[in-house]
Amino acid sequence: MIEAFQIVALVLVAASGTAVVLVRDPLRQAVVVSFYGSLLAGLFFAFQAPDVALSQIVIGSVGVPLMLLMTIAKIRKREGGREGDE
Amino acid sequence: MALVVWGFTGLPDFGHYKGDYGRLLAKVAVPERKATDVVVSTTFDYRGFDTLGEEMILFTAVLGLVVLLRELRGEQEEEEEADDNKEGEAGREHRTSDALRIFGLGLVGPTVLLGVYIVTHGTLTPGGGFQGGVILATALLIVYLAGRYAAMRKVSPIPLLEAGEASGATAFALFGLGGLIIAGVYMKNFIDPGTKGSLLSGGFIPLLNIAVGLEVAGAFSLAFQEFLDQTILLRSPGGGE
């Protein structure tokens, strides 16, 4: 039942998911999580859920990383204001 | 741990779906609703009441976000309002390269078109109100990425986004009421499903898709904008920058 495409998608998602955890810097993590999000969309597509994949592309690869990035920017700005240069 | 392993042993084999509801829908949905995307006819018609609930979750979540962040903004923006006008657009705009600007602005049109396409063709192909709505919201982000924060504020004034979000959510609930009035059951599909494969097939499903598209696009744009406002407009109190 399981196709080669599905196996590839599963392995890629597993690898990039691990990468998200292994990267410790939040800024880099935001970029990696975006990559992971787009791979996850591929996984959904491989498992015949194009509807979910479509929303995952936008939310996973744009929405979540964007909010992360902005939160990081906000925090850094505040820290930079308090302690001079970070 | 043992419990998890024990639980896994009880799962059906890969690709062996055990659920009569899904099987039934897969058989019945296309002949009954004439919409070729069964997922959409499930979420908007057979399970429309759940979607109404989800809609309200998104609506209240964004509402809460806006209210929460607005309180923060009110404290700080008053002091800044004075020099806000002086600095104006030039002061706040990021300096972006021409390549990024041209590429970004070139992408806005196709992105909007894609979003509208996904919303309106939800009944035929994978997609629908939610997916199209978020795509529309990203078009706004592209405008920002192209370095035109001021332009982004211009094409998407917050009252317009709020109105879009609210009217989308209201329209969805009203279509539900329409089912109650015309067909006697809340959320019942009361419009003739039409012919299979045509753009307007599926009864009220395309209309619901548009309502949800409006709501989601408004909600996400509003959320993005609030976040951007937080990071760009507001300087930290007493901060050096």
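Residues numbered from 1 in each chain as written. Chains lettered and ligands numbered in written order. Predicted model: local features only at pLDDT ≥ 70, side-chain atom pairs only at ≥ 80, totals over all residues.

(A) Representation of the interface of chain A and chain B within the structure. Of the residues lining the interface, 17 residues belong to chain A; the matching set on chain B comes to 23 residues. The residue inventory of the side of chain A that touches chain B, partitioned by class, reads eleven nonpolar, two polar and four charged. (Contact = placed C-beta atoms within 7 Å. Nonpolar A, V, L, I, M, F, W, Y, C, P; charged D, E, K, R; others polar.)

(B) Looking closely at the environment of Ile158 of chain B. Among the secondary structure elements, Ile158 of chain B is positioned in helix α8 (residues 158-182). In sequence terms Ile158 of chain B and Ser221 of chain B are 63 residues apart; their C-alpha atoms lie 9.0 Å from each other. (Helix = DSSP H or I, 4+ residues; strand = E, 2+ residues; numbered from the N terminus.)

(C) Structural view of the confidence of the model for chain B. Residue and element names in this part refer to chain B. Averaged over every residue, the pLDDT of chain B is 74; the share at 70 or more is 73%. Within the model, pLDDT remains below 50 along residues 236-241, and this stretch shows ten contacts once partners closer than five positions in the same chain are excluded. Overall fold confidence (pTM) sits at 0.72, and the ipTM for the predicted complex is 0.71. (pLDDT = per-residue confidence, 0-100.)

(D) Fine view of the packing of helix α2 (residues 20-33) of chain B against helix α3 (residues 38-46) of chain B. Residues and elements named next belong to chain B. Running from N to C, α2 and α3 cross one another at 80°; their axes reach a closest spacing of 10 Å. Considering their axes alone, α2 and α3 lie roughly perpendicular with respect to each other. In this structure, α2 contributes Leu25, Ala26, Ala29, Val30 and Arg33 to the contact, and α3 contributes Val38, Ser41, Thr42, Asp45 and Tyr46. Residue classes in the contact of α2 with α3 are distributed as six nonpolar, two polar and two charged. (Axes fitted to C-alpha atoms, helices over the stretch in contact; angles between N-to-C directions. Parallel < 35°, antiparallel > 145°, perpendicular 65-115°, else oblique.)

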